[in-house]
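One letter stands for each residue in the lines below.
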Amino acid sequence: MSNRVYRIALFDGDGIGPEIMAPTRVLLEDVSKRIGRKFEFDSLPAGAQHFARTGESLPEASMAAARAADAILLSAMGLPDIRKADGTEISPQIDLRFALGLYAGVRPVKLYPGQRTPLGDPRVFETDFVLIRESTEGLFAHKDEGQVVDGQYATETLRITRQTSEKLFDFAFRLARRRSAKRGTPGRVTCVDKANVFRAFWFFRSIFEERAKAFPEIAADSAYVDAFAMWMVQKPWEFDVVVTENMFGDILSDLGAGIMGTLGLAPSADIGDSNAVFQPCHGSAPDIAGKGVANPLAMFLSAAMMLDWLSDEHEDGALAEGAQMIEKAVAATLTDATVLTRDLGGDAGTSEMSEAVLRGVAA
C-alpha cells in the first residue's frame, strides 16, 4: 500500500455545482478506501456567486492552492445573470486554463450498452473516441480584446503557435498510443481544421503532419471541420483520437455529448505540462439548482478521468483501478436503467443516482 497522499483542489462551482460535487467527494472517499490510497481535499472559493459577494471570480489564494495541488476537480461554473462589466459571464474555468497553461482539452465521446442515443445504427455502441480541444489559443487567445467599431463591424483575432501546437499534437499521439496498447487496436489521430480556407489552419495542419512522423506506428489523417461534423453523426464509431482548434473543439465536444444523448454524461479534462483540471462539460443549470434532480454522472466520470491521469503521472496503478471502478459502476447503472435522472429518461434525483453508482462500486 502506498503512503502517498494525493492533494485534490475542489471548486464547488455555481448552480447545481455544489449538488454534484458533494456526492463526487463521497464517491472518491469510498474508492480511496478500496484501492488503499488517501486523498486530501481542499475546497476553494471561486465562481459567479463568489464574484457577486466579493468582486473576485478567482481569488489569488485559490489560484495558488490549485497550482500546488496534485489535481483540480472543478464543478459547473458561471451564472447567466451575473456578468462582468463588458457583458461576458464569469468564467474562472477559462482563467485556470490560461494561468496554468492547460493546452489539451480532453473530451471523451463514449456510449454504454443500453444507453439512450438519438442514433439508430447498432454500431453506435462501438463509439469510443476522444476529442482533444486545444484550450488556450485559436479564437480564445484574444477573447478579451475583440472590438466593435462604430457599430458597423466587429473583429476577433485567431492565434495558433508552433510551440503549443506541437505539444498538443504530441499529447494526442501519445494518448492514441496508450489507447492502442490498452485496447489492442490500431491507434489513429485525426486532425480537424479548415485548412482549405484559412492560412492559420493550414499552418496548424502542417505542424500536425510534421509531428505525425515522430509516431509512425499511429495512423494520422486530417478532415475539414464541416465534413467531420457530419461524420460524427454518420459514423462516430470509426474514430479514435481527434485533435482540433479551440473553437472547433468547443462546438464538436457538445455534438459528441448529443451523440451520447445528454451533457449529463460528458466529462472533460484540461491538461498542461504540470497541472490538470477535470470538470463536467455541462453548465451550472440554474433552472434546476436546489431541486435535487441534477445528473451527477458527468462529474463522476470527470473524477474517474482525474484518477486515470494521476495514475499516469505518478505511475500508480491503484489509481487506474479506482478510475475503472467508477466507470464500470456508471456503465452498470446506465445498462440496468432502473435508476436514471430526467435527462436520461427516468425520474430519479441526484441522491438516488449517486447511491446507485456507489452500490455499483461496491458490487
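Residues numbered from 1 in each chain as written. Predicted model: local features only at pLDDT ≥ 70, side-chain atom pairs only at ≥ 80, totals over all residues. Heavy atoms only, no water.

A.B. asks: Which residues make up the sheet that holds strand 9 (residues 219-224), and what values go with them?
C.D. replies: With mixed pairing, ten strands are arranged side by side in an open sheet as 2-1-3-12-11-4-5-10-8-9. Both edges of this open sheet fall to strand 2 (38-43) and strand 9, since each of them pairs with a single strand only. When the angles between neighbouring strand axes are averaged without regard to direction, this sheet yields 25 degrees. Bridge count for strand 1 (residues 5-11) against strand 2 is six bridges, and the pairing is parallel. Paired with Ile8 across the bridge in strand 2 is Phe41. With respect to the sheet, helix 8 (residues 246-260) is in contact with strand 4 (104-110), strand 5 (128-134), strand 8 (188-193) and strand 10 (241-244), its orientation differing from that of strand 5 by roughly 155 degrees. (Pairing = 2+ DSSP bridges. Helix = DSSP H or I, 4+ residues; strand = E, 2+ residues; numbered from the N terminus. Axes fitted to C-alpha atoms, helices over the stretch in contact; angles between N-to-C directions. Contact = heavy atoms within 4.5 Å.)

A.B. asks: Just give me the short version of the pattern of salt bridges, but keep the residues and values in it.
C.D. replies: Side chains that carry opposite charge are capable of pairing whenever their charged atoms lie near each other. With the rule as written, the count across this model stands at 25 salt bridges. Asp70 serves as the salt-bridge partner of Arg4, at 3.1 Å between the closest nitrogen and oxygen. Taken together, the residues span a long stretch of sequence, with Arg4 in the segment before strand 1 and Asp70 in the loop between helix 3 (60-68) and strand 3 (71-74) at a distance of 66 residues. Connected through salt bridges with shared partners, the residues Asp128, Arg179, Arg183 and Asp240 form a single ionic network. (Salt bridge = Lys/Arg side-chain N within 4 Å of Asp/Glu carboxyl O.)

A.B. asks: Tell me about the environment of Ala141, and name the residues and values.
C.D. replies: Inspection of the secondary structure assignment puts Ala141 in the loop between strand 5 and strand 6 (147-149). Note on Ala141: relative accessible area 23%, which makes it partly exposed. Each C-alpha atom, one on Ala141 and one on Asn246, is 9.1 Å from the other, the two residues being 105 residues apart in sequence. Once you skip the residues sitting within four places of it in the chain, Ala141 turns out to touch Phe98, Thr136 and Arg159. (Buried < 20%, exposed > 50% of the residue type's maximum accessible area, 1.4 Å probe, protein only.)

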